[in-house]
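Descriptive structure summary
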Amino acid sequence: MTGQKGLQIEELSIRADGRDLLRSVSLEVRPGEILGIIGPAGSGKTTLLRCLNRLADLDEGLRISGRVFLNGASILGRDADVVGIRRKIGLVFPVPTPLPLSIFDNLAFGPRIGGITAVEELRRMMESSLKSAYLWEEVNDRLNEPAANLSGGQQQRLCLARTLMLEPEILLLDEPCSGLDPISTAQIEEALKVLRKDMAIVLVTNNVKQASRVADKTAFLLLGELVEFAPTRELFTTPRDKRTEDYITGRFG
Amino acid sequence: MIGIFFVALTALCCLIIVALVAVILGDIAWFGWGSLNLQFLLTAPQQGMTEGGIFPAIFGTVFLVLLMTIAVIPLGVMTAIYLHEYAPRKSMVIRWIRLAIENLAGVPAIVFGLFGLGFFIEFVGRGIDRIFLDGQLAFGQPAIIWAALTLALLTLPTVVVATEEALRAIPVSHREVAYSLGATRLQMVRRVVLPQAVGGILTGGILAVSRGAGEVAPILFTGAAYFLPYLPNKLNDQFMELGYHIYVLATQSPDVEKTKPILYSTVFVLLVLTFALNFTAIWIRSRIRRRLRAEK
Amino acid sequence: MNRPKTMTRSRFAEGAVEWLIRASAFSAIVGLFLIFIFIGKEALPILTSPDVRKEANISKLFLPQDQAHPYSWQPVSEIPKYSILPLFVGTLKMTLVAVLFAIPLALGAALFTSEFSPGWLKEFIKPIIELLAGIPSVVLGFFALMVMASYVQELFGIVYRLNAINAGIALGLAVIPIVYTVADDALTSVPKSYREASMAMGASPWQTAWRVVFPAALPGILAACVLGFGRAIGETMIVLMASGNAAIMSWNLAKPARSLSATIAAELGEVVVGSAHYHVLFFIGISLFIFTFVLNMFAHWFVARLQKKVLGTI
């Protein structure tokens, strides 16, 4: 298993207050792939993502067991370089979370704390990130405006671009389109399809159709349990588990 | 029907309190405004304080609270940051620190005065004299630095509480974004938390200054002087101060009737100073609270 | 991402700053501890030093000394007398006046603004009471000395212009904002559902406030009273200026009085460092410290109970 590119999750379990949030989940995603994770609310999707980029460190009382490897190196250990991991595994939150700064400063946040301060270099990175997020046309002439002035859809694409500024190897998206209109959603989905070339993407969504549209592989989580994990087409056409079938056909959840 | 009587009674309580405040402030404003002029603010007392102005007292007060601020703001802000950003929530350490802050806020002002004398002057000051100055008397006596440090300890809870309130107003999501972009805790604090907490820190600082400028008991034996022919210009100088000046004029004046206009005007100046500071703080705080409500 | 070489140095700086933050966090605890140690240290000779004990010891401080004047505080007379009971009595009687004056007013006002007043009126009254909190105590002392004293004297027909009633009322002015603020917080923290349930059963606003909200907020209200009491006991400048400062062993409110705190304020400036008198004043200081500390702990405990009551058990 060592030396393998991408993200491997092996028997990952997360407990809090004597409750199982995640039960022995094993998944993997490689560069060039989009992994869709679907499931009803409370299935542990968000917990899983927060664990993957070590944001779960902030939540007290979580007990995590299992193994997670990035390019073959474990990222769960106490001695792992948490800051480095977070820079390699970018996370986009469900609601747009611009910091109360200008568009420019939002984008420059990650590189700056990493030590890149040259404006020229920042601008170059910004252009490519914004283009990847399909936002360049709309904001390139007003980078110094407050990010809060953007519309919801633009803000979410800004957050995507902000994560891309880190040039992550893995991109985690937590229901990135939950509050967005269909046009913004389409733009983000379009962006993801292109981005897949350079990185592995994990897309958590409670929109089953979105997973079927963009994901290469899909996992179905239910109450912390991995019910099914298969190539998207297979999972949506011939689900092996009855619960998967019920969920994707809209019979519950 | 009895109910209405009691409700009216509680309204009467409010009315009495408001009336008392109005009477006190009205009296001071009415008599204080009279002999107030620019010369009064800019000259020193003369003729055994029965004439002249209060410039040295204003200068001393400003100098004193400035030194106090320099000491208390970093200490208070760092304490608040530790409590809110570093320590695990609901841990024992936090409970102990909060309890200590609460208790510190309740310690009588005069006890701080004793502490300033016993610790800063007799222990620290004498220690400095003995070790660095061959026993020559320089810091082991009442001085503005010791008064300022004593007041800093007294106002520490004010700064901590105000800063913490501001920290609470910052959405958790901002912190998580910073972490998810690879910030260390300190980077997160410096780039996300502090810029947004400036208002709260300012509020705390202003409230502390307003409190510090009005407290007399802690500086009675730590540095305030009855009268000085010069302005303090070293850390170990004594100083004149508005509140102490009021106390002196009110209780130890050779000619009470003659001093009265000066006394009233001095009180007026101190009140205007503390109220101006308080209003600014309340204004900033209400803006922070409005933002907090908007984001919830 | 390529990292500049300064990273290790900034890591070191970061560690230093974080260490500083952690250290500062303990400043309040250290401060309290130092207060206790350094005031206690100067008070200790009353118990330990033979020289000091000859002049002042616990029994001389608290027990009757001679037949004619069993309790007297005359630290600078030919034969110094250090009975602190007159000071205790003075402190207590002025505190009592302050508390009796301030607590009903403040609690009434808090009930009004939290239960009965329209929002705009509360927005008007609350800042005014906060304004009162912002008046420095030396200014209240000045007002009590220069203005109020004459009216109080006339109103109660008292011989002495400065007396315990005058000082007590002025002290009350400093206590009102504390009691009001804490009580108002406690009352407003009672969930709205309590009031709605009571009103739904046909209770009037007063019945709701008095029978439902007030009892629910009781621990917080007790905390308010305890904190107000603590403030009154420790307050210095008001008492120093408005009480007449005579150390008399008498419960008569119309006579001048001298409090523990005012005694320190008035005498420490002239005392010889290291003398018995000096140590007695520190002994008074540590007593005040311990006493208010205990009161604060009580208040803290009450507030914790309030939180448990209105938040925890629903």
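It should be noted that the structure appears before, not after, this text.
Everything numeric in this text was worked out from a predicted model, so none of it was measured.

1. What to know about the overall build of chain C
The number of helices and strands found in chain C is 15 helices and two strands. Against the 2.2 N^0.38 benchmark of 20 Å for 314 residues, chain C shows a C-alpha radius of gyration of 25 Å, more extended than a compact globule. For chain C, the spread of C-alpha atoms along the principal axes amounts to about 75 × 75 × 35 Å. Within chain C, the proportion of its 314 residues that are buried is 54%. Of all intrachain contacts in chain C linking residues separated by at least 6 positions in sequence, the fraction that spans at least 24 positions is 70%. Of the roughly 14200 Å² that chain C leaves accessible, carbon and sulfur atoms contribute 67%. If you average the places of the 23 positive and of the 17 negative side-chain charges in chain C, the two averages end up 8 Å apart.

2. So, the pairing of strand β1 (residues 7-16) of chain A
All names here are of chain A. When you tally the buried positions in β1, you get seven out of ten residues, the bulk of the element. Pairing of β1 with strand β4 (residues 62-70) involves eight bridges; the strand directions are antiparallel. Across the sheet, isoleucine 14 pairs through a bridge with isoleucine 64, a residue of β4. Where β1 lies against strand β2 (residues 19-29), seven bridges are found, and the strand directions are antiparallel.

3. Topic: the packing of aromatic side chains
Evaluation of the coordinates by the stated rule reveals 30 aromatic pairs over all chains. Pairing phenylalanine 115 of chain B with phenylalanine 120 of chain B gives two aromatic rings, centres 5.7 Å apart and planes at 70°, and the pair type is edge-to-face. What makes phenylalanine 120 of chain B buried here is its relative accessible area of 11%. Where tyrosine 264 of chain B meets phenylalanine 142 of chain C, the ring centres are 5.1 Å apart and the plane angle is 85°; that geometry is what we call edge-to-face. With tyrosine 264 of chain B in helix α10 (residues 256-295) and phenylalanine 142 of chain C in helix α8 (residues 137-156), this residue pair bridges two chains. Judged on exposure class, the residue tyrosine 264 of chain B and its partner phenylalanine 142 of chain C are both buried. Taken together, Phe115, Phe119, Phe120, Phe123, Phe139 and Trp146 of chain B together with Phe38 of chain C form an aromatic cluster joined through their ring pairs. The ring of tryptophan 283 of chain B carries arginine 287 of chain B above its face, with NZ or CZ at 5.4 Å from the centroid. Here the basic side chain of arginine 305 of chain C rests over the ring of tryptophan 301 of chain C, its NZ or CZ set 5.5 Å away from the ring centre.

4. Focus on the pattern of salt bridges
Going through the model one piece at a time under the given rule, you end up with 32 salt bridges over all chains. For glutamate 176 of chain B, the salt bridge is made with arginine 50 of chain A, and the minimal N-O distance between the two is 2.6 Å. One end of the pair, glutamate 176 of chain B, is in helix α7 (residues 172-180); the other, arginine 50 of chain A, is in helix α1 (residues 45-52), on a second chain. Comparing glutamate 176 of chain B with arginine 50 of chain A shows no difference in burial state: the two are buried. Taken together, the shared-partner salt bridges connect Glu10, Glu11 and Arg67 of chain A into one network.

Rules used in this analysis
- Residues numbered from 1 in each chain as written.
- Chains lettered and ligands numbered in written order.
- Predicted model: local features only at pLDDT ≥ 70, side-chain atom pairs only at ≥ 80, totals over all residues.
- Heavy atoms only, no water.
- Helix = DSSP H or I, 4+ residues; strand = E, 2+ residues; numbered from the N terminus.
- Rg over C-alpha atoms; globule rule 2.2 N^0.38 Å.
- Buried < 20%, exposed > 50% of the residue type's maximum accessible area, 1.4 Å probe, protein only.
- Contact = heavy atoms within 4.5 Å.
- Areas by Shrake-Rupley, 256 points an atom, 1.4 Å probe, with all protein chains shown as cover.
- Lys, Arg positive; Asp, Glu negative; His and termini not counted.
- Charge placed at Lys NZ, Arg CZ, Asp CG, Glu CD.
- Pairing = 2+ DSSP bridges.
- Phe/Tyr/Trp six-rings, centres within 6.5 Å; stacked < 30°, edge-to-face > 60°.
- Lys NZ or Arg CZ within 6 Å of the ring centre and 35° of its normal.
- Salt bridge = Lys/Arg side-chain N within 4 Å of Asp/Glu carboxyl O.

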